[in-house]
2 protein chains.
Amino acid sequence: MDSQDAVGALSALAHESRLEVFRLLVKVGPDGMAAGDIARATGSLANTLSANLNVLAGAGLVSSRREGRSIIYAAGYERMRALLAFLMEDCCSGNAEICAPLALIAERAACCA
Amino acid sequence: MDSQDAVGALSALAHESRLEVFRLLVKVGPDGMAAGDIARATGSLANTLSANLNVLAGAGLVSSRREGRSIIYAAGYERMRALLAFLMEDCCSGNAEICAPLALIAERAACCA
DNA sequence: TTGACTCTTCCAAAATTCTCGAAATATTGA
DNA sequence: TCAATATTTCGAGAATTTTGGAAGAGTCAA
């Protein structure tokens, strides 16, 4: 991930509805959720949601597949991983005291450990 | 950190120059760097940089203090920590296989461990 | 094939963000 | 006080993003 990719992903997430959708999909898991269900869950219009999902997809943060009449969206865990890695890259430049809290949160964020 | 805070922080970072500045400050460490030095390091105009630093400060991602004629900016590590925590919150909803790579990167990102 | 369902694309107006020049503010040294 | 240095604030034009209505397309069941 380079700087441009990161800006793209951050821009995609820097939006109330899109962040909500993304976090919903992260929570839902790799099986994903149909666009219509997402719209109902978040209370957004179908076309607006579609545009927002398209932005997230463009940033690689979600993927989609058709299943019958529905289109299923799922979180792009690998991209999320890459973004987090990029954001933490070079942190604290070797200064352990500062980095410690970040390491801590990283550990704590490992929700399934 | 609530959703609005997260959107604010993500918006602040979703900008090529601001992301560069933030990462520079993260690298520099808690002692920070004078606005003028940041401008020189990133090749931005003083007033544009000032506006961008203001956005970052508004999101809590940097703090500032005056030192003589200079104003020193430093990364807000705690806010960064909170943002990363928010982004990883509820991830994978208990599904260890999916979360594992995230835990891995989190560990790897703990640069000073 | 027709109709219902699901989702996307197209479009244009409204809102927001970005950038730069010019002027203002704060600090220091002579 | 005056000049130099360091940074911010103001203002406006340019560019980008966001939104919702209307229409277009793919899928399925009868």
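Every value quoted in this text rests on a predicted model; they were computed, and no experiment measured them. (Residues numbered from 1 in each chain as written. Chains lettered and ligands numbered in written order. Predicted model: local features only at pLDDT ≥ 70, side-chain atom pairs only at ≥ 80, totals over all residues.)

Participant: Give me the protein's contact with DNA strand D: which residues, what numbers.
Facilitator: By nearness alone, 22 residues border DNA strand D, and B:Ala34, B:Gly36, B:Asn47, B:Ser50 and B:Ser70 come closest of all. At the level of secondary structure, the elements contributing two or more residues to the surface near DNA strand D comprise α4 (46-58) of chain A together with α3 (35-42), α4 (46-58) and β3 (70-75) of chain B. The greatest single-element share of the surface near DNA strand D, amounting to 6 residues, is contributed by α4(B). Taken together, the residues of the surface near DNA strand D sort by class into 9 nonpolar, 10 polar and 3 charged. (Near = placed C-beta within 6 Å. Helix = DSSP H or I, 4+ residues; strand = E, 2+ residues; numbered from the N terminus. Nonpolar A, V, L, I, M, F, W, Y, C, P; charged D, E, K, R; others polar.)

Participant: Lay out the sheet that holds strand β3 (residues 70-75) of chain A with the relevant residues and their values.
Facilitator: Residue and element names in this part refer to chain A. Overall, antiparallel pairing links the 3 strands, which are arranged β1-β3-β2 in an open sheet. Two strands lie at the open edges of the sheet, namely β1 (33-34) and β2 (62-67), each paired on one side alone. In the packing of α4 onto the sheet, contacts are made with β2 and β3, and the angle to β2 comes to roughly 120°. (Pairing = 2+ DSSP bridges. Contact = placed C-beta atoms within 7 Å. Axes fitted to C-alpha atoms, helices over the stretch in contact; angles between N-to-C directions.)

Participant: If you had to explain the pairing of β3(B) to someone new, which residues and values would you point to?
Facilitator: Residues and elements named next belong to chain B. Of the pairings in the sheet, the one linking strand β1 (residues 33-34) to β3 comprises 2 bridges and is antiparallel in character. Bridge pairing in β3 places Ala34 opposite Ile72. Bridging between strand β2 (residues 62-67) and β3 involves 6 bridges; their strand directions are antiparallel. Directly across from Ser63, in β3, lies its bridge partner Ala74. Linking β2 to β3, which pair antiparallel, is a turn of 2 residues; within it Gly68 sits at a positive phi near 65°.

Participant: Go over the packing of helix α2 (residues 16-28) of chain B against α4(B), please, and point to the residues and values.
Facilitator: All names here are of chain B. Contact geometry of α2 with α4 gives a least axis separation of 10 Å together with a crossing angle of 70°. By the criterion of interaxial angle, the relationship of α2 to α4 is roughly perpendicular. Both α2 and α4 take part in a crossing whose hand is right-handed. The residues of α4 that touch α2, namely those facing Ser17, Arg18, Val21 and Phe22, are Asn52, Leu53, Val55 and Leu56. Tallied by class, the residues present in the contact of α2 with α4 amount to 5 nonpolar, 2 polar and 1 charged. (Parallel < 35°, antiparallel > 145°, perpendicular 65-115°, else oblique. Left-handed = near helix turned anticlockwise from the far one by under 90°.)

Participant: Tell me about the protein's contact with DNA strand C, residues and numbers included.
Facilitator: Contacts to DNA strand C come from 21 residues, most closely from A:Ala34, A:Gly36, A:Asn47, A:Ser50 and A:Ser70. Those elements that provide at least two residues to the surface near DNA strand C are α3 (35-42), α4 and β3 of chain A together with α4 of chain B.

Participant: Talk me through the sheet that holds β3(B); I want residue IDs and the actual numbers.
Facilitator: Residue and element names in this part refer to chain B. A sheet is described by the order of its strands in space; here 3 strands give the open sequence β1-β3-β2, paired in antiparallel fashion. Two strands close off the open sheet at either side, each with one partner strand: β1 and β2. Against the sheet, α4 touches β2 and β3, its axis set at about 120° to β2.

Bear in mind that shape data such as this cannot, by itself, settle questions of function.
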